[in-house]
Amino acid sequence: MTDPYNPNPQYGPDLSKQPDSGPQPQYGQPAYGQPSDPYAQQPGYGQQQPGYGQPQYGQPQYGQPADPYAQPQPVYGAAPYGTMPQGYNPADPEAPYGRDMYGVPFSDKQKLMAGLLEIFLGSFGVGRFYLGYTGLGIAQIAVVWLTCGIGAIWPLIDGIMMLTGKVPDAQGRPLRD
């Protein structure tokens, strides 16, 4: 007679026909295959357990890299996270000296050079000429000479502002370090 609730009709209520599953553990005894010592050596770090972490069918899992311990490969022309690129960059012809954090390309002029030229030779407008502001350079010369040197405070303050990066070049690009 068949049992409608038993999916395997070959194993009926007769227990002698069921396959032997081995000895059953007694109360307080470890199950079959478990070490009796709870402090026994377990597989350590770097030892692979069978079936653990192995992708099925040799394919990487969705959303997972092929090698989770691989170092990220740098992209040519890109700076590491948190740093600003410096120097000549042939990979970006629109910004050969890199870009600031907002994506604006850096100027080919330097903050230090512009600031020092403006502080030491500002009465001659050299710092403004260096940045491409010809009209402001001529105006600084005129103010310094027409005020008998009192107007030299303008190039001094202007040079400090150039050193702090507040003054862009004539094309509006920020000065590079």
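So, how was this worked out
Residues numbered from 1 in each chain as written. Predicted model: local features only at pLDDT ≥ 70, side-chain atom pairs only at ≥ 80, totals over all residues. Heavy atoms only, no water. Helix = DSSP H or I, 4+ residues; strand = E, 2+ residues; numbered from the N terminus. Expected span 1.5 Å × (residues − 1). Buried < 20%, exposed > 50% of the residue type's maximum accessible area, 1.4 Å probe, protein only. Arc of directions from axis to C-beta. Core = buried A, V, L, I, M, F, W, Y, C linked by side-chain atoms within 4.5 Å. Contact = heavy atoms within 4.5 Å. Patch = residues over 30% accessible without salt bridge, like charges linked within 9 Å, V, L, I, M, F, W, Y side chains within 5 Å. Areas by Shrake-Rupley, 256 points an atom, 1.4 Å probe, with all protein chains shown as cover. Salt bridge = Lys/Arg side-chain N within 4 Å of Asp/Glu carboxyl O. Axes fitted to C-alpha atoms, helices over the stretch in contact; angles between N-to-C directions. Parallel < 35°, antiparallel > 145°, perpendicular 65-115°, else oblique. Nonpolar A, V, L, I, M, F, W, Y, C, P; charged D, E, K, R; others polar. Phe/Tyr/Trp six-rings, centres within 6.5 Å; stacked < 30°, edge-to-face > 60°. Lys NZ or Arg CZ within 6 Å of the ring centre and 35° of its normal.

**Q** Got a sec to walk through helix H4 (residues 153–164)? Specific residues and values, please.
**A** Along its 12 residues, H4 runs 17 Å from first to last C-alpha, staying within 8% of the 16 Å computed at 1.5 Å per residue. Buried residues of H4: Pro155, Asp158, Gly159 and Met162, and no others. Projected down its long axis, H4 carries its buried residues within an arc of 105°, all on one side. Of the residues one or two after H4, glycine 165 is the one with positive phi, at around 90°.

**Q** Describe the nonpolar core, listing the residues and the values that go with them.
**A** Membership of the largest hydrophobic core is limited to 5 residues, which are Ala114, Leu131, Met162, Val167 and Leu175. Not counting the four nearest positions on each side in its chain, leucine 175 is found in contact with Phe106, Ser107, Lys109, Gln110, Lys111, Ala114, Leu131, Met162, Val167, Pro168 and Asp169.

**Q** If you had to explain a nonpolar patch on the surface to someone new, which residues and values would you point to?
**A** Taken together, Leu136, Val143, Ile153, Trp154, Leu156, Ile157, Ile160 and Met161 make up a surface patch of nonpolar side chains, about 640 Å² in accessible area. Of all the secondary-structure elements, those providing two or more residues to the nonpolar patch are helix H3 (134–146) and H4. If one sorts the elements of the nonpolar patch by residue count, H4 sits on top with 6 residues. For leucine 156, the location among the structural elements is in helix H4.

**Q** Give a detailed account of the packing of H3 against H4, specifying residues and quantitative values.
**A** Two measures define how a pair of helices packs: the angle their axes make with one another and the distance between the axes. In the contact formed by H3 and H4, the axes pass within 9 Å of each other and the chain directions differ by 140°. When the axis of H3 is compared with that of H4, the two are oblique. Counting all contacts with H3, which are made through Leu136, Ala139, Gln140, Val143 and Val144, the residues of H4 involved are Trp154, Pro155 and Asp158. Tallied by class, the residues present in the contact of H3 with H4 amount to 6 nonpolar, 1 polar and 1 charged.

**Q** Give a description of the environment of phenylalanine 129 that names residues and reports values.
**A** With respect to the helices and strands, the residue phenylalanine 129 is situated in helix H2 (residues 126–131). Along the primary structure phenylalanine 129 and glutamate 118 are separated by 11 residues, whereas in three dimensions their C-alpha atoms are 9.3 Å apart. Apart from the residues lying within four places of it in its own chain, the contact partners of phenylalanine 129 are Phe124, Thr134, Gly137, Ile138 and Ile141.

**Q** So what's going on with the pattern of salt bridges? Residues and values would help.
**A** Considering all chains together, one arrives at 6 salt bridges under this definition. Across the salt bridge formed by lysine 111 and aspartate 177, the nearest N and O atoms sit 3.0 Å from each other. Taken together, the positions of lysine 111 in helix H1 (residues 111–121) and aspartate 177 in the segment after H4 put the pair 66 residues apart, joining distant regions of the chain. The shortest N-O distance in the salt bridge between arginine 173 and aspartate 169 comes to 3.1 Å. Residue classification places aspartate 169 among the buried positions, given a relative accessible area of 2%. Because the salt bridges share partners, they merge into one network encompassing Asp92, Glu94 and Arg99.

**Q** Run through unusual backbone geometry, naming residues and quoting values.
**A** Even without being glycine, cysteine 148 reaches a positive phi, approximately 60°. With respect to the element layout, cysteine 148 can be found in the loop between H3 and H4. Here cysteine 148 falls in the exposed class, since its relative accessible area comes to 73%.

**Q** Can you tell me about the packing of aromatic side chains, naming the residues and giving the values?
**A** In the structure shown here, the tally under the stated rule is 1 aromatic pair. On the numbers, 6.2 Å between centres and 45° between planes, the contact of phenylalanine 124 with tryptophan 145 is tilted. You can see phenylalanine 124 sitting in the loop between H1 and H2 and its partner tryptophan 145 sitting in helix H3, a full 21 residues away along the chain. Look at phenylalanine 124 and you get partly exposed, because its relative accessible area is 43%. Owing to a relative accessible area of 56%, tryptophan 145 belongs among the exposed residues under this scheme. The ring of tyrosine 130 has lysine 109 sitting right over it, with the charged end atom 5.3 Å from the ring centre. Positioned over the ring face of tyrosine 133 is arginine 128, at 4.9 Å from the centre of the ring.

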